[in-house]
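Listed below, chain by chain, are the residues.
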Amino acid sequence: MIAPLEAQTLMRVNADEFSFADILQMVTLTRTRFRIDVFAATGVMLGSVETQGGMVLKATHQNESGELAFYHLCNNSINAFFDSYTLKNDPTENPSQNETPLGSVVHLLLNALTQKEQANNMKSEVFVPIAKVEAAQPVEGTPQLEPSSPEKLQRDPAPAKSSYTPPQPSSASVETVTVNINVVYGLLALLALVFLALFSRNRR
Amino acid sequence: MIYALTDKDKHLVKESWRLVEAGSLMETATKIFYDRLFETNPELRTLFPEDLEGQIKKLANTINFSVKALSWKLEEWNEGGIILEESDLFVIVRSLGRRHTRLYQVTAPMYQPVGNALLFALDMGLGEAFTTETKLAWTKLYVLLSNTMKMGGIMKTAEDLATQIQEEAK
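Residue positions are given per chain, counting from 1 as you read along its sequence in written order. Both sets of labels track the order of writing: A upward for chains, 1 upward for ligands. Only residues with pLDDT of at least 70 are given local features in this predicted model, and only at 80 or more are side-chain atom pairs given and counted; all residues enter the totals for whole chains, interfaces and linings. Each side-chain value is worked out from all heavy atoms of the structure, with water and hydrogens disregarded.

### A few points about the interface of chain B and chain A
Stated formally: Note on definitions: a residue-residue contact is assigned when non-hydrogen atoms from the two residues lie within 4.5 Å. The rule for a salt bridge is simple: a side-chain nitrogen of Lys or Arg has to be within 4 Å of a carboxyl oxygen of Asp or Glu. Polar contact criterion, stated in full: a pair of N or O atoms within 3.5 Å, where within protein one must be able to donate a hydrogen and the other to accept it, and residues adjacent in sequence count only if both atoms are side-chain atoms. Only DSSP runs of H or I with at least four residues qualify as helices, and only runs of E with at least two residues qualify as strands; both kinds are numbered from the N terminus onward.
Each partner contributes residues to the interface: chain B has 34 residues there, and chain A has 39 residues. For the pair chain B and chain A, the number of links is zero salt bridges. Across the contact surface, chain B and chain A share seven residue pairs in polar contact (both at pLDDT 80 or more). Counting residues per element, the ones that place at least two in the side of chain B that touches chain A are α4 (89-102), α6 (132-154), β1 (156-157) and α7 (158-169) of chain B.

### Details of the packing of aromatic side chains
Geometry of an aromatic ring pair is reported as the spacing of the ring centres plus the angle between the planes. Quick note on the threshold: Aromatic contacts are taken between Phe, Tyr and Trp rings whose centres are within 6.5 Å, Trp giving its six-membered ring; a plane angle under 30 degrees counts as stacked, one over 60 as edge-to-face, and the others as tilted. When accessible area is computed with a 1.4 Å probe and restricted to protein chains, residues below 20% of their type maximum are described as buried, those above 50% as exposed, and intermediate ones as partly exposed. Remark: a charge is flagged as sitting over a ring if the NZ atom of Lys or the CZ atom of Arg is within 6 Å of the ring centre and within 35 degrees of the ring normal.
Using the criterion set out here, one finds ten aromatic pairs over all chains in the structure. Where F70 of chain A meets Y71 of chain A, the ring centres are 6.1 Å apart and the plane angle is 75°; that geometry is what we call edge-to-face. Overall, the relative accessible area of 0% leaves F70 of chain A in the buried class. Aromatic side chains W17 of chain B and W138 of chain B sit 5.9 Å apart centroid to centroid with 55° between the ring planes, which places their arrangement in the tilted category. You can see W17 of chain B sitting in helix α1 (residues 7-22) and its partner W138 of chain B sitting in helix α6, a full 121 residues away along the chain. Like W17 of chain B, the residue W138 of chain B is buried in the burial classification. Aromatic ring contacts, followed pair by pair, group F20, F70, Y71 and F82 of chain A into a single cluster. A cation sits over an aromatic face here: K10 of chain B above W72 of chain B, 3.5 Å from the ring centre. Lying across the ring of F120 of chain B, R36 of chain B places its NZ or CZ 3.9 Å from the centre.

### Some points on the packing of helix α2 (residues 26-40) of chain B against helix α3 (residues 53-69) of chain B
Residues and elements named next belong to chain B. Counted only if it meets this: Axis lines are fitted through C-alpha atoms, for helices just across the contact stretch, and the angle between N-to-C directions can take any value from 0 to 180 degrees. Angles are sorted into four bins: roughly parallel if under 35 degrees, roughly antiparallel if over 145, roughly perpendicular if 65 to 115, and oblique for all others. Crossings are assigned a handedness: left-handed for a near helix turned anticlockwise from the far helix by less than a right angle, right-handed for a clockwise turn. Throughout, the ten residues Ala, Val, Leu, Ile, Met, Phe, Trp, Tyr, Cys and Pro are labelled nonpolar, Asp, Glu, Lys and Arg are labelled charged, and all others, Gly among them, are labelled polar.
Two elements in contact, α2 and α3, have axes separated by 9 Å at closest approach and are oriented at 115°. Classified by the angle their axes make, α2 and α3 are roughly perpendicular. The interaxial crossing formed by α2 with α3 has right-handed handedness. Counting all contacts with α2, which are made through M26, E27, T30, K31, F33 and Y34, the residues of α3 involved are Q55, I56, K57, L59, A60 and N64. Tallied by class, residues from the contact of α2 with α3 come to six nonpolar, three polar and three charged.

### Observations regarding the nonpolar core
As a reminder, the rule being used: Throughout, nonpolar core names a set of buried Ala, Val, Leu, Ile, Met, Phe, Trp, Tyr and Cys residues whose side chains join them through atoms within 4.5 Å.
Ranked by size, the top nonpolar core spans 72 residues in total, and within it F20 and F70 of chain A together with W138 and M151 of chain B carry the most contacts. In this view, M151 of chain B contacts M11, V13, F18, I23 and M26 of chain A together with F90 and R94 of chain B; residues no more than four positions away in its chain are not counted. Ranked by size, the runner-up nonpolar core spans five residues in total, among them M55 and L57 of chain A together with W72 and L74 of chain B.

### Details of the pattern of salt bridges
All names here are of chain A. Summed over the entire model, instances satisfying the criterion amount to 13 salt bridges over all chains. In this structure, R12 engages D83 in a salt bridge whose closest nitrogen and oxygen atoms are separated by 2.7 Å. Placement of R12 in strand β1 (residues 6-14) and of D83 in strand β6 (residues 81-88) is noted, with a sequence separation of 71 residues between them. Since its relative accessible area comes to 27%, R12 is described here as partly exposed.

### Some points on the side chain of T148 of chain B
The topology assignment puts T148 of chain B in helix α6. Here L144 of chain B takes part through its backbone oxygen, which lies 2.6 Å from a polar atom of the side chain of T148 of chain B. T148 of chain B has contacts with M26 and L29 of chain A together with F90, V93 and R94 of chain B, leaving out every residue within four places of it along the chain.

Here is the structure:
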């Protein structure tokens, strides 16, 4: 039987003092199990995260759970406040031994940042459809979202912004030119036929 | 900003601290730290006692404890068992921050010159062994510790919230 986790030591922090990412990183200093509840400024609970020893064990956000919930909590916790608790349980019946972590705090935070950056790129280019298609392509050097693994901690945390290639003139504009030339050819052919018809009529 | 320590960062911090210990540089480094701090920020001198002897030992012990508390790898995340609050780095540093804010009136901007002086002292003490990577690892550790202290100073505990509710009800 798994012993129930007992919540102890509440601490409340506002998002304008420390971000969700800040709190998550600070609690990597402890090896005890920690729970962070995220609330909107209205007091409505948005979700929660449980960590232990620098690993994220659980994340929930509204009806979601897992990595996706973690990313949504990271990106939707502005103007929020956080209640954090140390969770204690019977040392002989530690439930964490039966759990698989979602990944390390560092790795998941890096992924959340990458996701946010990609979303921002897409937003800023929403009025240029061709550029939007370019932004959705994997940019060389940018870490892609993959299932977590501790080995990936060594990779460069900064997405390679410099490797982003501005959108090149697209094939759509080339097609437009082709269509225009075809129209001109068509008109010329029509004119030639008219001339031919007139010429043959005059000869008769 | 991502400043949580990776296993590599922990290793670099521990190795460089081992050199400080091996060379008996701990007290020298902390002395360099205070000299540098008061040289660059003389206004902070009033926050410390006249005789710095005890203070030097306290700082050396705090850094020593913080470095020793990092001696675990991320893969050992669930092997901690029950960590007593009195030996948990996070809880200790958070309480330290609470005391510094409430008793000694330490404010958030004061943490920056302290961090600079710490990195300067380590640089002086370790010389070439204080590589760019090692400096980055120590910077991350300091940001983590100082942020935790700052949070300790501003966070509301269950008692604070209860007092607030009582005062609002009056």
